[in-house]
Amino acid sequence: MTLSIIDTGKFPRLEDMTKSELIQHLKETVKPEEGIIPAYIFSHPKVYELEMEKIFLKSWLFLAHKSEIPNKGDFVTRQMGEHSVIVTHGSDGDIHVLLNVCTHRGMKLCRMDHGNEKSFVCPYHGFNFKNTGDLAGVPFQKEVYGDTLDKSKMGLKEIRHDEYAGLIFATFNEEAVPLDEYLGDIKWYLDLAFNRAEMEVQGPPMKWVVNASWKLGSDNTISDSYHTLVSHGSIAKLGLVPSGDYSKYGYQIYTGNGHGLNLGMPNPHFAFPEELTEEYKERLSPEQWGVLEKLKNMIVCVSPHMMILISSMDFKGKQVSNTSFRLWQPKGPDKIEITQWQIVEKNATKEWKELSNQTNSLTFGASGIFEQDDSENWTDITQNSKGAYHLQENTFFNYTQGMHKKPVDDFVGPGIAYENKFNEANARAFFRNWLDQVTAE
Ligand code: FES
Ligand SMILES: [Fe+2]
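Parameters at a glance
- Residues numbered from 1 in each chain as written.
- Chains lettered and ligands numbered in written order.
- Predicted model: local features only at pLDDT ≥ 70, side-chain atom pairs only at ≥ 80, totals over all residues.
- Heavy atoms only, no water.
- Donors = N, O, S within 2.8 Å, 3.2 Å for Na, K, Ca; no water.
- Tetrahedral: all angles 85-135°; square planar, octahedral: opposite > 155°, others 65-115°.
- Buried < 20%, exposed > 50% of the residue type's maximum accessible area, 1.4 Å probe, protein only.
- Helix = DSSP H or I, 4+ residues; strand = E, 2+ residues; numbered from the N terminus.
- Polar contact = N/O pair within 3.5 Å; in protein donor to acceptor, adjacent residues only side chain to side chain.
- Contact = heavy atoms within 4.5 Å.
- Domains from an automatic or database assignment.
- Buried area = accessible area lost by both parts, 1.4 Å probe.
- Salt bridge = Lys/Arg side-chain N within 4 Å of Asp/Glu carboxyl O.
- Nonpolar A, V, L, I, M, F, W, Y, C, P; charged D, E, K, R; others polar.

Caption draft 1: Structural view of the coordination of the iron ion (ligand 2). Within the first shell, the iron ion (ligand 2) binds the protein through H227 (NE2), H232 (NE2), D374 (OD) and D374 (OD), at distances of 2.1 to 2.3 Å. Around the iron ion (ligand 2) sit four donor atoms; with metal-centred angles ranging over 58 to 144 degrees, the donor geometry is irregular. Counting along the primary sequence, the residues that act as donors to the iron ion (ligand 2) give the motif H-x4-H-x141-D. You can call H227 buried: its relative accessible area is 13%.

Structure follows, in structure tokens:
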């Protein structure tokens with residue numbers, strides 16, 4: 001048998017395809033239920049273009065935690081797909097999500113990551129917009145426009161938004177289902193991270209760039225506990241966790257719409273501040289408290305590109321958990337800007353907050369040991385997926401793990417739950433949801 005790297009076989013060149021041919025090609029080659037995922041979807045510019053249109057212009061997208069903008073005038077700038085938006089706590093007391101595009105001639109209005117402003121002045125000609133989006137002032141208005149400019153029609157474009165558990169989401173799609181329905185059963189698990197107590201972010205998010213497909217982040221989050229055994233084997237060697245297979249025990253759960261999680265339990269120790277037990281019990285249902293009490297870790301994917309993580313480890317003589325969340329923000333077909341927030345119980349002691357922040361930095365911060373391992377995996381896979389379409393397009397990745405397993409029916413939380421986290425069932429479900437989105441009419 002000869003291995004040909006120049007014969008592209010039955011695969012037509014993706015570059016030559018029209019949009020509808022590409023959609024047909026995706027339907028024929030991406031086979032989530034069979035565990036067959038073609039390499040080209042992880043870096044081809046044409047697939048990325050389709051994702052921007054069919055997913056990032058259509059879905060609900062996470063933007064900010066409410067505690068980032070507690071005061072009137074506070075704002076952060078964020079991305080929705082390739083579009084910049086300003087999330088403000090307006091002078092009217094409301095949250096606004098505003099397209100960061102001046103309505104005069106399209107200049108990017110705000111260039112800061114965060115701050116506090118009553119208004120934003122466009123750097124091009126100086127149109128001045130209130131933090132509610134209204135156009136307030138135009139230089140020399142009377143002289144240059146006479147009475148012809150109606151400022152009330154030239155406010156910044158306000159984007160549809162809503163929130164759950166302090167998480168602000170927005171969508172460009174006026175026809176999208178309500179956020180509550182979009183999140184569905186994943187809310188039960190989001191409560192464990194964001195509603196177990198009053199939570200507050202620890203400063204602005206960290207950001208760093210990795211040359212990888214955004215889908216590898218989501219795929220890893222929703223389904224891949226298996227890699228921890230090898231990729232993160234050093235953490236067991238360092239004695240930070242008891243054994244190499246620590247990540248196997250627990251449940252893999254899919255809740256629909258591309259959302260799912262891996263729940264590590266039981267934990268022989270309580271990994272949260274003891275003094276807040278009453279607050280946890282008050283805010284959570286008895287079933288949720290039962291899970292939190294025994295929780296070792298929880299890795300949640302909110303489709304398309306958000307990850308929420310509760311992680312715990314032995315640190316300075318006790319079990320310490322840290323809670324963080326992040327976006328795999330696409331910056332092109334083969335590049336992401338990882339944006340990571342650290343969050344902690346507002347009523348925890350200063351000492352606990354410091355320990356929790358330190359464990360996050362050690363593991364999942366920009367220089368954390370887990371982070372380094374994962375970045376290397378995803379950079380190589382993204383690069384290799386390009387080789388696949390330049391040289392031999394018929395390259396597929398294998399997602400068949402756990403196809404012989406059946407879900408359990410006695411897990412306390414909602415969703416389709418598999419016992420034991422080593423499984424690719426959630427990745428298959430994620431890619432089914434992805435395929436339905438990118439091929440939708
Ligand atoms: S583009 Fe903003 S004032 Fe002209
Ligand atoms: Fe990892």
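Structure's up, so let's keep going.
Caption draft 2: Representation of the side chain of K215. Along the polypeptide, K215 turns up in helix α6 (residues 214–223). Judged by relative accessible area, which is 1%, K215 ranks as buried. In terms of polar contacts, K215 uses its side chain to reach the side chain of E51, at 2.5 Å. Dropping the residues within four chain positions of it, K215 is found in contact with I41, F42, E51, F431 and W434.

Caption draft 3: Looking closely at the domain arrangement of the protein. The domain boundaries assigned to the protein delineate domain 1 (61–175) and domain 2 (184–438). Centre-to-centre, using C-alpha coordinates, domain 1 lies 32 Å away from domain 2. Each side of the interface is counted separately: domain 1 has 15 residues, and domain 2 has 21 residues. Summed over both sides, the interface of domain 1 with domain 2 buries roughly 1,500 Å², with 68% coming from carbon and sulfur. Put simply, domain 1 and domain 2 have one salt bridge between them. One salt bridge connects K207 with D113, and the closest N-O pair in it is separated by 3.7 Å. Our count for the contact surface shared by domain 1 and domain 2 stands at four residue pairs in polar contact (both at pLDDT 80 or more). Elements represented by at least two residues in the side of domain 1 that touches domain 2 include exactly β2 (61–65), β3 (74–80) and β11 (167–171). Broken down by element, the residue count for the side of domain 1 that touches domain 2 peaks at four residues, all from β2. Classifying every residue of the side of domain 1 that touches domain 2 by side-chain character gives seven nonpolar, five polar and three charged.

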